[in-house]
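# Structural description and commentary
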Amino acid sequence: MLLEKMLQSQGFGSRKHCQQLIKNGVVVIQDQTILDPKFKLNLQNLEYKVHGETFQYREKVYIALNKPQGYECSHQATHHYSVFDLFNDVLMNRGLQCVGRLDQDTTGLLLLTDDGQFLQALTHPKKHVAKVYQMQTADPIDNIQIQQLETGVELRNEKGIFAATEVKQIAEHELSMAIHQGVYHQVKRMLAAVGNKVERLHRAQIGQLKLSQLAEGEWVYLTEQQILAAKNQSIEPLLEI
Ligand code: URA
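Every residue gets a number counted from 1 within its own chain, in the order that chain's sequence is written. Residue-level local features of this predicted model are given only where pLDDT is at least 70; pairs of side-chain atoms are given and counted only at 80 or more, and the full residue set underlies all totals for whole chains, interfaces and linings. With hydrogens and water excluded, all non-hydrogen atoms of the structure serve as input to the side-chain values.

## A look at the overall build of the protein
Spelled out, the test is: Starting at the N terminus, helices and strands are each numbered in turn, a helix being any DSSP run of H or I of at least four residues and a strand any DSSP run of E of at least two. For every residue, the accessible area obtained with a 1.4 Å probe (protein chains only) is divided by the maximum for its type, and the residue is called buried under 20%, exposed over 50%, and partly exposed between those limits. Here a residue-residue contact requires only that any non-hydrogen atoms of the pair lie within 4.5 Å. By the counting scheme adopted, Arg and Lys are positive, Glu and Asp are negative, and His together with the chain ends is not counted. Think of each charge as sitting on NZ of Lys, CZ of Arg, CG of Asp or CD of Glu.
When helices and strands are counted, the protein shows seven helices and 16 strands. Overall size of the protein, expressed as C-alpha extent along the three principal axes, is 70 × 35 × 35 Å. Among the 241 residues that make up the protein, the fraction classed as buried is 44%. Across the protein, every contact between residues at least 6 apart in sequence was considered, and the portion connecting residues at least 24 apart equals 63%. The protein carries 25 positive and 27 negative side-chain charges, and their two centres are separated by 9 Å.

Encoded structure:
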């Protein structure tokens, strides 16, 4: 691939802008400043520097973020920060999107990508990838509520029944459960439907990918294995990030 095209594909701006960067002598490959925009590259394991910062060539990007509270999953956040504020312009120029949404007050595992097929695979209602949530509730959780969540509840203006699996009570006011769809405010509405209220919500897992080491506000690129784990329709074995 031509150097100018590679830089454009990685989010460094228009073809013209990338040509200019190269001509300005700020693009370095294997310790060589390359001044020819038409320089031919082998993309395999390619590392390069722009303005002294090292980048790795990635055909597509797959990111896991431990989302903090107070961040919206929209580009034009109105009342809070946007999760996109956590990423640099180069990534944003690639058309990074959230894979599904978390509410601004929900913390935990959020995936972002510029790969439309991956996004579809995880968000399409027919794919049924499980998402595991942990929550604190306003009222004590009882067995009737657990049973109702497992059997399924109706949600206003939504077709069908919404049931949870792997429903586990952790403490009097703490519950963990998996859901397999992703309608608006689903967990909060399911808990409201059984007569309780979510006070804090955290997404711990998507498919087989479980949040573990990543601190709030931190993000990492996913490996091939982690990408497959996130798409998996079963929730075990776990792969921790
Ligand atoms: N369900 C909710 O109610 N909120 C979220 O952020 C995610 C799932």
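Let us keep going from here.
## So, the sheet that holds strand β4 (residues 53–56)
Cut-off, in case you're wondering: Strand pairing follows a simple DSSP-based rule, namely that at least 2 bridges must link the two strands.
Here we have four strands laid out as an open sheet, ordered β2-β1-β3-β4, and antiparallel in their pairing. In this open sheet, the two strands that pair with only one neighbour each are β2 (32–33) and β4. The sheet contact formed by strand β1 (residues 27–29) and β2 spans two bridges and is antiparallel. Across the sheet, the residue bridging to valine 28 is threonine 33, located in β2.

## Looking at the domain arrangement of the protein
The cut-off we apply is this: Domain extents, as shown, originate in an automatic or database domain assignment.
Segmentation of the protein into domains returns domain 1 (3–56), domain 2 (62–125 + 207–240) and domain 3 (131–206). Here the C-alpha centroids of domain 1 and domain 3 sit 48 Å apart.

## Quick look at the pattern of salt bridges
Operational definition: Within this document, salt bridges are pairs made up of a side-chain nitrogen of Lys or Arg and a carboxyl oxygen of Asp or Glu, the two lying within 4 Å of each other.
Counted by the stated rule, this structure contains eight salt bridges. A salt bridge links glutamate 4 to lysine 38; the nearest nitrogen and oxygen atoms lie 2.9 Å apart. Remark: lysine 38 occurs in the loop between β2 and β3 (47–50) and glutamate 4 occurs in helix α1 (residues 3–9); sequence separation between them is 34 residues. The exposure class assigned to glutamate 4 is buried, which follows from its relative accessible area of 1%. Taken together, the salt bridges that share partners define one network made up of Glu4, Arg15 and Lys38.

## So, the site of the ligand
For the record, the criterion: Put simply, a residue is near a molecule or strand once any heavy atom of it comes within 4 Å of that molecule or strand. Identification of polar contacts relies on pairs of N or O atoms within 3.5 Å, with a donor-acceptor requirement for protein atoms, meaning one able to donate a hydrogen and the other able to accept it, and with residues adjacent in sequence counted only if both atoms are side-chain atoms. Per-residue and other accessible areas follow the Shrake-Rupley method at a 1.4 Å probe size, with only the shown protein chains counted as cover for residues. Under the convention adopted here, Pro, Cys and the residues Ala, Val, Leu, Ile, Met, Phe, Trp and Tyr are nonpolar, Asp, Glu, Lys and Arg are charged, and Gly plus all remaining residues are polar.
Residues in contact with the ligand, as listed here, are Leu102, Asp103, Thr106, Tyr133, His185, Gln186, Val187, Lys188 and Leu201. With respect to the ligand, the side chain of threonine 106 contributes an N or O atom lying 2.8 Å from an oxygen atom. Here glutamine 186 contributes a backbone N or O atom positioned 3.5 Å from a nitrogen atom of the ligand. Contact with the protein chains covers 95% of the free accessible surface of the ligand, which is 240 Å². For the shell around the ligand, the element with the most residues is helix α6 (residues 186–193), which contributes three residues. A class-by-class count of the residues in the shell around the ligand yields four nonpolar, three polar and two charged.

## What about the pairing of strand β12 (residues 174–179)?
With five of six residues buried, β12 is to be regarded as a mostly interior element. Pairing of strand β10 (residues 131–137) with β12 involves six bridges; the strand directions are antiparallel. Looking across to β12, one finds that tyrosine 133 is bridged to methionine 177. With four bridges joining them, strand β11 (residues 165–171) and β12 adopt antiparallel strand pairing. Of the residues in β12, the one forming a bridge with lysine 168 is serine 176. The antiparallel pairing of β11 with β12 creates a hairpin that spans two residues between the two strands.

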